[in-house]
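# Commentary on secondary and tertiary structure
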Amino acid sequence: MKFSLKPVFIGWITLLAQLPLQLFFTLWCALFFGGMAKSIGIFSRNSQAPFIFIGALAFFGVPIAIYIVKKLNYARTEYKFFDDHLEFEEGFSRSTRR
């Protein structure tokens, strides 16, 4: 093996890249699950609380989950350079490229 490299995790880039997904899931979860919670009677009929509560959970939960998964994946990733091929190990799979 000639040398080995590990990628550098930059958290703010991860959060910025997933921003469209975060906004979509915030809106979708707030409307869908908020409407479900309101229709089954958990909250009062005229309350907007289910939409706000579930939207807030999605707004903070989606980026936290993506951040943790990407950070764990970066921590387990390594690139090994040889004279005739490259091997890399990722957090969830192992592959060899020649």
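For the structure itself, look to the data block above.
Being a predicted model, the structure only gives us computed values, none of them experimental.

## Quick word on the packing of helix α2 (residues 19-39) against helix α3 (residues 49-75)
Each pair of packed helices can be described by the angle between their axes along with the distance between the axes. As a packed pair, α2 and α3 sit with axes 7 Å apart at the nearest point and diverge in direction by 140°. With respect to the hand of their crossing, α2 and α3 are arranged in right-handed fashion. Looking at side-chain class alone, the contact of α2 with α3 contains 16 nonpolar, five polar and one charged residues.

## Observations concerning the pairing of strand β2 (residues 78-81)
Direction of pairing for strand β1 (residues 3-5) relative to β2: antiparallel, over a ladder of three bridges. Bridging across to β2, S4 finds its partner in K80. Bridge count between β2 and strand β3 (residues 86-89): four bridges; the pairing is antiparallel. Directly across from E78, in β3, lies its bridge partner E89. Between β2 and β3, which pair antiparallel one after the other, the connecting turn spans four residues.

The rules behind each value
- Residues numbered from 1 in each chain as written.
- Predicted model: local features only at pLDDT ≥ 70, side-chain atom pairs only at ≥ 80, totals over all residues.
- Heavy atoms only, no water.
- Axes fitted to C-alpha atoms, helices over the stretch in contact; angles between N-to-C directions.
- Helix = DSSP H or I, 4+ residues; strand = E, 2+ residues; numbered from the N terminus.
- Left-handed = near helix turned anticlockwise from the far one by under 90°.
- Nonpolar A, V, L, I, M, F, W, Y, C, P; charged D, E, K, R; others polar.
- Pairing = 2+ DSSP bridges.

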